[in-house]
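# A structural walkthrough
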Amino acid sequence: MSPTRRTTRRSLARRRVPRAAALALLLATATACANDVPEADWSRGLLPEHITEQGGVVESLWNGAWIAALATGAVVIVLIVWASIFHRKRRAKAELPPQVRYNLPIEILYTVVPLVMVSVFFFFTARDSNTLAHVSGEAKVKVKVEAFQWSWRFTTTYNGKTAQPVAGVPVHDYNQGPELVLPVKSKVEFDLSTNDVIHSFWIPAFLFKRDVIPGIPEGNPGRKFEVTTLDVKPGTVYAGRCAELCGVDHSRMLFKVKLVSQAEFDQYIATQAGSAQ
Ligand SMILES: [Cu+2]
């Protein structure tokens, strides 16, 4: 390499390093803009704290899947390292190592082992999906969720009383979005619908989201899901959002969920239903 070429290369590298650093900084700061995601910690597998019984099912499945995947990954990495160290090409022996073909025990092994692994994953995923999709029909609190470009309308029914619908507009902060009030320790049934495009109803603290698809007729089980709220501190507010890119104000399709005591909920329904009449 000529000396001039070497200097050009060096100055090119000198120019690229600060640029790469600036890009890394931009990526780190620009992607950290979602301030409404609840705090996550390692004890829950980095998931936010869940506020429903169903969230506990999701948390176990998530953590179990990680443990299984990490264990599988460890075995695979050990095998790769072992094979590349003990079976590397040695200089003295230029000829090919013994070629193993049609080795029935090995072929059975590498067919059966992945099948067992996939079956275990399938079993737990199917079992938990069924639990999460189960709607008992026993929920006394029913929430009709209507998604639109770009907010939500919530209509809550409890004990035969329907509260006045709560509708929102696009906002930057979920605290300014429409408020969904739910009682603690209760079964809540959601019915999701939309008249425009596909949205997705997401409350991160539920560890659950469900697409809201236009054209699904009323009464179709695909529109419904049920949760049982846990005994969280009454008055706590959680974020909700749309999780399906649905147009220009998708990111402002925010709402808030407030969990209150049963007594407070009764009162809320009484006043809201009163004002509806
Ligand atoms: Cu949306």
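Because the structure is a prediction, the values reported are computed rather than measured. (Residues numbered from 1 in each chain as written. Predicted model: local features only at pLDDT ≥ 70, side-chain atom pairs only at ≥ 80, totals over all residues.)

Our focus in this paragraph is unusual backbone geometry. At the junction of Gln 149 and Trp 150, the peptide bond is cis and its omega measures out at 5 degrees in the coordinates. The residue Tyr 102 is not glycine, and still its phi comes out positive at about 50 degrees. Along the chain, Tyr 102 falls in the loop between helix H2 (53-86) and helix H3 (104-133). Overall, Tyr 102 belongs to the exposed group, with 6 C-beta atoms counted inside 10 Å. In this structure, Asn 159 takes a positive phi of about 50 degrees despite not being glycine. Position of Asn 159 among the secondary structure elements: in the loop between strand S2 (151-158) and strand S3 (161-162). Asn 159 sits in the exposed class, given 10 other C-beta atoms within 10 Å. (Helix = DSSP H or I, 4+ residues; strand = E, 2+ residues; numbered from the N terminus. Buried ≥ 20, exposed ≤ 12 C-beta atoms within 10 Å, placed from the backbone.)

On to the environment of Thr 271. Here Thr 271 is to be found in helix H4 (residues 262-276). Along the primary structure Thr 271 and Ala 163 are separated by 108 residues, whereas in three dimensions their C-alpha atoms are 8.0 Å apart.

Once that is clear, we can look at the environment of Trp 152. Tracing the backbone through its elements, the reader meets Trp 152 in strand S2. We classify Trp 152 as buried; it has 26 C-beta atoms within 10 Å. Setting aside chain neighbours within four positions, we find Trp 152 in contact with Val 145, Glu 146, Ala 147, Gly 168, Pro 178 and Phe 255. (Contact = placed C-beta atoms within 7 Å.)

Reading across from one edge, S5-S11-S10-S7-S8 is the order of the five strands in this open sheet, with mixed pairing throughout. In this open sheet, the two strands that pair with only one neighbour each are strand S5 (179-183) and strand S8 (208-212). The mean angle between the axes of side-by-side strands here comes to 25 degrees, regardless of whether they run parallel or antiparallel. For strand S10 (residues 236-242) and strand S11 (residues 255-260), the ladder comprises five bridges, and the chain directions are antiparallel. Considered in S11, the bridge of Thr 236 is made with Leu 259. (Pairing = 2+ DSSP bridges. Axes fitted to C-alpha atoms, helices over the stretch in contact; angles between N-to-C directions.)

Looking now at the packing of H2 against H3. Put simply, H2 and H3 touch, their axes get as near as 10 Å, and they point 170 degrees apart. In terms of axis orientation, H2 runs roughly antiparallel to H3. Listed contacts from H3 to Gln 54, Val 57, Leu 61, Gly 64, Ala 65 and Thr 72 of H2 are Met 117, Phe 121, Phe 124, Thr 125, Asp 128, Thr 131 and Leu 132. Class assignment of the residues belonging to the contact of H2 with H3 gives a composition of seven nonpolar, five polar and one charged. (Parallel < 35°, antiparallel > 145°, perpendicular 65-115°, else oblique. Nonpolar A, V, L, I, M, F, W, Y, C, P; charged D, E, K, R; others polar.)

Right, let's get into the pairing of strand S7 (residues 199-203). Because side chains alternate across S7, one face comprises the buried residues His 199, Phe 201 and Ile 203, and the other comprises Ser 200 and Trp 202, none of which is buried. Two strands pair when backbone bridges link them, and S7 and S8 are joined in this way by five bridges, in the antiparallel orientation. Residue pairing in the sheet places His 199 in a bridge with Val 212 of S8. Linking two consecutive strands that pair antiparallel, namely S7 and S8, is a turn of four residues; a positive phi of about 55 degrees is found at Leu 207 within it. Here S7 runs beside S10; their pairing, made up of two bridges, is antiparallel. Bridged to Trp 202 within S10 is Arg 241.

This paragraph deals with the nonpolar core. Counting 35 residues, the largest nonpolar core has Val 145, Ala 147, Leu 180, Leu 182, Phe 206, Tyr 238 and Val 257 as the members making the most contacts within it. Once residues lying within four places of it in the same chain are set aside, the contact partners of Val 257 are Leu 180, Leu 182, Ile 203, Val 237, Tyr 238 and Gly 240. (Core = buried A, V, L, I, M, F, W, Y, C linked by C-beta atoms within 7 Å.)

Pairing geometry for S5 and S11, over five bridges, is parallel. Considered in S11, the bridge of Pro 183 is made with Val 260.

Here H3 is 30 residues long and its end C-alpha atoms lie 42 Å apart, about the 44 Å a rise of 1.5 Å per residue gives. For H3, the tally of buried residues reaches only one of 30 residues, placing the bulk of the element at the surface. (Expected span 1.5 Å × (residues − 1).)

Our next topic: the environment of Val 143. By the element assignment, Val 143 lies in strand S1 (residues 141-148). On the basis of neighbour counts, which here come to 19 C-beta atoms within 10 Å, the residue Val 143 falls in the partly exposed class. It is 4.9 Å that separates the C-alpha atoms of Val 143 and Phe 190, two residues lying 47 residues apart in sequence.

Here we come to H2. An ideal rise of 1.5 Å per residue puts 50 Å on 34 residues; H2 measures up with 50 Å between its terminal C-alpha atoms. In terms of burial, H2 is a largely surface element, two of the 34 residues being buried.

These figures come from the coordinates and say nothing about function on their own.
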